[in-house]
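This is what each chain is made of:
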Amino acid sequence: MGVGKTSLGRGLSKKLNLPHIDTDHEIEKKKNMKISNIFEFYGENYFRELEQDIIINILSKNKYSIISLGGGSFLNIKTREYIKKNSISIWINADIDVIYNRISGSKNIRPIVSKLKSKRELEVLLNKRNLTYKEADIKIEAGNLSKKSLINNAIHQIDKYLEKNNESH
């Protein structure tokens, strides 16, 4: 959350001429509700099951696409295994201060973040999530990269990943 998944997704989509799908947007469309309202009215477990079904459905129907996932999606083991088997996953890692500043200033209500009371609690959450995020195929350090540099870095990393994996088959 707050690392630029959607911005990177849109940028890669344009640069690689592939469709971009944002799973949070698809969930909101399907339920005709904001994510925060789904959490509020149905609870996190319902949301995570819905998210899993939508992601697996999107992946099964969109072989060549750029798909931006919500921050908690990859934590779901069934979703993660499906992603690992059927796509290339990218983890965008960013500094805690950058993430905190972005989400603190965001108009976007993030249900998980809204429960946190401090930057320290956010850091604990991210450190816990990072244990799973590191299973992604590609890790990108966002640092202070511009959007353009982030996109170019991602393309470079994808090319390296594909080269390496084509050589081993």
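Just above sits the structure.
## Quick word on a nonpolar patch on the surface
Right, on to step 1. A surface patch of nonpolar side chains, about 320 Å² in accessible area, is lined by Phe-41, Tyr-42 and Tyr-46.
Right, on to step 2. Of the residues examined, Tyr-42 reaches a relative accessible area of 41% and is grouped as partly exposed.

## Quick word on the packing of helix α3 (residues 35-42) against helix α4 (residues 44-61)
Right, on to step 1. At a closest axis distance of 7 Å, the pairing of α3 and α4 adopts a crossing angle of 125 degrees. On the basis of their axis angle, the class for α3 and α4 is oblique. On the side of α3, the interface is formed by Ile-35, Ile-38, Phe-39 and Tyr-42, while α4 contributes Glu-44, Tyr-46, Phe-47 and Arg-48.
Right, on to step 2. Here the residues of the contact of α3 with α4 sort into six nonpolar, no polar and two charged.

## Considering the pattern of salt bridges
Right, on to step 1. Per the stated rule, a full pass over the model turns up eight salt bridges.
Right, on to step 2. The salt bridge partner of Glu-51 is Arg-48, with a shortest N-O separation of 3.0 Å. In this pair, Glu-51 and Arg-48 are both assigned in helix α4, three residues apart and thus about one turn of the helix distant.
Right, on to step 3. Classification of Arg-48 by relative accessible area gives buried; the value is 15%.
Right, on to step 4. Shared partners join several salt bridges into a network, and the residues in it are Glu-44, Arg-48 and Glu-51.

## Regarding the packing of aromatic side chains
Right, on to step 1. Evaluated as defined, the whole model comprises three aromatic pairs.
Right, on to step 2. When the ring of Phe-39 is compared with that of Phe-47, the centres are 4.8 Å apart and the planes differ by 40 degrees; the resulting orientation is tilted.
Right, on to step 3. We classify Phe-47 as buried; its relative accessible area is 2%.
Right, on to step 4. On the numbers, 6.1 Å between centres and 55 degrees between planes, the contact of Trp-91 with Tyr-133 is tilted. Pair noted here: Trp-91 is in strand β3 (residues 90-93) and Tyr-133 is in helix α8 (residues 119-133), with a separation of 42 residues, a long-range link.
Right, on to step 5. In this arrangement the basic side chain of Arg-80 is found over the ring face of Phe-74, its NZ or CZ atom lying 6.0 Å from the centre.

The rules behind these values
- Residues numbered from 1 in each chain as written.
- Predicted model: local features only at pLDDT ≥ 70, side-chain atom pairs only at ≥ 80, totals over all residues.
- Heavy atoms only, no water.
- Patch = residues over 30% accessible without salt bridge, like charges linked within 9 Å, V, L, I, M, F, W, Y side chains within 5 Å.
- Areas by Shrake-Rupley, 256 points an atom, 1.4 Å probe, with all protein chains shown as cover.
- Salt bridge = Lys/Arg side-chain N within 4 Å of Asp/Glu carboxyl O.
- Buried < 20%, exposed > 50% of the residue type's maximum accessible area, 1.4 Å probe, protein only.
- Axes fitted to C-alpha atoms, helices over the stretch in contact; angles between N-to-C directions.
- Helix = DSSP H or I, 4+ residues; strand = E, 2+ residues; numbered from the N terminus.
- Parallel < 35°, antiparallel > 145°, perpendicular 65-115°, else oblique.
- Contact = heavy atoms within 4.5 Å.
- Nonpolar A, V, L, I, M, F, W, Y, C, P; charged D, E, K, R; others polar.
- Phe/Tyr/Trp six-rings, centres within 6.5 Å; stacked < 30°, edge-to-face > 60°.
- Lys NZ or Arg CZ within 6 Å of the ring centre and 35° of its normal.

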